[in-house]
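Listed here are the chains, written in short residue letters.
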Amino acid sequence: MGFYENRILPKLIDVACATPPILKQREKVVPQAEGRILEVGMGSAINIPFYDASKVEMVWGLEPSEGMRRKAVPRIADAPFPVEWLGLPGEEIPLDDDSADTVLLTFTLCTIPDFAKALGQMRRVLKPGGRLLFAEHGAAPDESVRRWQERLNPIWKRLAGGCHINREIPQAIEAAGFKVESLDTMYLPGTPKVAAFQYWGFATQR
Ligand SMILES: C[S@@+](CC[C@H](N)C(=O)[O-])C[C@H]1O[C@@H](n2cnc3c(N)ncnc32)[C@H](O)[C@@H]1O
């Protein structure tokens with residue numbers, strides 16, 4: 001991994017993922033997490049203060065990037081619950097079947113190369129009756145925005161550490177064997193429309 005991916009990119013992602021409108025999206029979803037939680041692509045651990053600590057038994061923070069894990073250290077040190085790092089990609093979740101009460105995904109599905117495989121792994125480790133909570137950005141419903149997303153995605157992906165701006169989030173979740181039980185959408189205010197369309201809610205196993 002080069003200097004850009006290991007040193008510069010983690011700083012850029014940390015700033016881009018903590019703008020006021022993005023923090024508001026976290027507030028809508030993260031406090032719903034409960035029990036033994038798997039956070040996939042934990043990044044620099046921005047979600048830690050958004051958890052409702054009274055509901056959290058522990059968090060497995062799965063994050064393949066060493067640079068992101070390094071940036072997370074101070075936030076993890078302040079966590080009022082145990083956090084265990086899993087330094088592997090979402091396509092290879094090293095947990096037993098039915099081991100998590102909640103799987104949390106925030107702004108990660110856009111980046112996972114084989115997101116279908118990773119979602120299959122999330123389904124495997126989620127307990128029956130558990131919830132997959134998500135707050136993600138993706139494909140916009142408006143044709144003109146959508147066309148720009150398709151045009152810009154190749155260059156965006158290269159600059160933003162593999163992030164895709166045009167993924168069909170609910171469809172991907174459903175295709176992995178989940179049922180999306182709650183779904184809200186909107187364009188994030190103060191953000192260029194190509195990267196602003198948000199999906200958030202929860203899914204359970206079908
Ligand atoms: C845009 S960041 C979001 C980080 C964090 N989820 C948040 O909400 O701030 C995307 C994260 O996905 C991670 N990632 C990349 N490939 C991944 C994979 N195959 N499995 C899991 N996470 C991955 C990146 O290292 C990065 O930390």
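In this text the structure is predicted, and so the values were computed from the model without any measurement.

S.K.: Which residues make up the side chain of His164, and what values go with them?
M.R.: Within the secondary structure, His164 sits in the loop between α5 (143-159) and α6 (169-175). A distance of 3.3 Å separates the side chain of His164 from the side chain of Arg167, its partner in a polar contact. Filtering out sequence-adjacent residues up to four positions away, His164 remains in contact with Cys110, His137, Asn153 and Lys157.

S.K.: Could you give an account of the packing of aromatic side chains, with specific residues and numbers?
M.R.: In total, this model carries 3 aromatic pairs according to the counting rule given. When the centroid spacing of 5.2 Å and the interplanar angle of 80° are considered together, the rings of Phe197 and Tyr199 count as edge-to-face. Both residues of the pair, Phe197 and Tyr199, count as buried. A connected cluster of aromatic rings, assembled from ring pairs, spans Tyr187, Phe197 and Tyr199. Against the face of Trp148 rests Arg151, its NZ or CZ located 4.4 Å from the ring centre. Positioned over the ring face of Tyr187 is Lys193, at 4.4 Å from the centre of the ring.

S.K.: I'd like a description of the packing of helix α1 (residues 3-16) against helix α3 (residues 66-77), backed by residues and values.
M.R.: Running from N to C, α1 and α3 cross one another at 50°; their axes reach a closest spacing of 8 Å. Between α1 and α3, the angle is such that the two are oblique. The handedness of the crossing between α1 and α3 comes out as right-handed. For the pair α1 and α3, contact is made by Asn6, Arg7, Pro10, Lys11, Ile13 and Asp14 and by Glu66, Gly67, Met68, Arg70, Lys71 and Arg75, respectively. Its residues assigned to classes, the contact of α1 with α3 shows 3 nonpolar, 2 polar and 7 charged.

S.K.: Tell me about the site of the ligand, residues and numbers included.
M.R.: Neighbouring residues of the ligand: 20 residues in total, closest Arg26, Gly41, Glu63, Gly90 and Thr106. Within the side chain of Glu63, an N or O atom sits 2.6 Å from an oxygen atom of the ligand. Burial of the ligand by the protein chains amounts to 90% of its free accessible area of 590 Å². Residue composition of the shell around the ligand, grouped by class: 10 nonpolar, 7 polar and 3 charged.

S.K.: Go over the nonpolar core with me, naming the residues and quoting the values.
M.R.: Core analysis: the biggest nonpolar cluster contains 32 residues, and Leu38, Val103, Leu119, Met122, Leu132 and Ile173 have the highest contact counts within it. Here the element with the most residues in this core is helix α4 (residues 115-125); it accounts for 4 residues. With residues near it in sequence (within four places) discarded, Met122 still touches Val40, Ile93, Val103, Leu105, Ile112, Leu132 and Phe178. Among the nonpolar cores identified, the runner-up in size contains 25 residues, and Ile48, Ala72, Phe81 and Leu104 belong to it.

S.K.: Now, about the confidence of the model for the protein: what can you tell me, with residues and values included?
M.R.: Put simply, the protein has an average pLDDT of 97, and 100% of its residues get 70 or more. Looking over the protein, one finds the lowest element-wise mean pLDDT in α1, namely 90, and the highest in strand β4 (residues 100-106), namely 99.

S.K.: Run through the pattern of salt bridges, naming residues and quoting values.
M.R.: Scanning the entire structure with this criterion turns up 8 salt bridges. Across the salt bridge formed by Arg147 and Glu143, the nearest N and O atoms sit 4.0 Å from each other. Linking Arg147 with Glu143, this pair stays in helix α5, spanning 4 residues, or about one helical turn. Since its relative accessible area comes to 44%, Arg147 is described here as partly exposed. Its relative accessible area of 52% is what places Glu143 among the exposed residues. We note a salt bridge from Arg146 to Glu150, for which the minimum N-O separation is 3.3 Å. Separated by 4 residues within a single helix, Arg146 and Glu150 lie in helix α5, roughly one turn from each other. Glu150 gets classed as partly exposed once you look at its relative accessible area, which sits at 40%. It is possible to trace a salt-bridge network through shared partners that takes in Arg146, Glu150 and Glu168.

Quick notes on the rules
Residues numbered from 1 in each chain as written. Predicted model: local features only at pLDDT ≥ 70, side-chain atom pairs only at ≥ 80, totals over all residues. Heavy atoms only, no water. Helix = DSSP H or I, 4+ residues; strand = E, 2+ residues; numbered from the N terminus. Polar contact = N/O pair within 3.5 Å; in protein donor to acceptor, adjacent residues only side chain to side chain. Contact = heavy atoms within 4.5 Å. Phe/Tyr/Trp six-rings, centres within 6.5 Å; stacked < 30°, edge-to-face > 60°. Buried < 20%, exposed > 50% of the residue type's maximum accessible area, 1.4 Å probe, protein only. Lys NZ or Arg CZ within 6 Å of the ring centre and 35° of its normal. Axes fitted to C-alpha atoms, helices over the stretch in contact; angles between N-to-C directions. Parallel < 35°, antiparallel > 145°, perpendicular 65-115°, else oblique. Left-handed = near helix turned anticlockwise from the far one by under 90°. Nonpolar A, V, L, I, M, F, W, Y, C, P; charged D, E, K, R; others polar. Near = heavy atom within 4 Å. Areas by Shrake-Rupley, 256 points an atom, 1.4 Å probe, with all protein chains shown as cover. Core = buried A, V, L, I, M, F, W, Y, C linked by side-chain atoms within 4.5 Å. pLDDT = per-residue confidence, 0-100. Salt bridge = Lys/Arg side-chain N within 4 Å of Asp/Glu carboxyl O.

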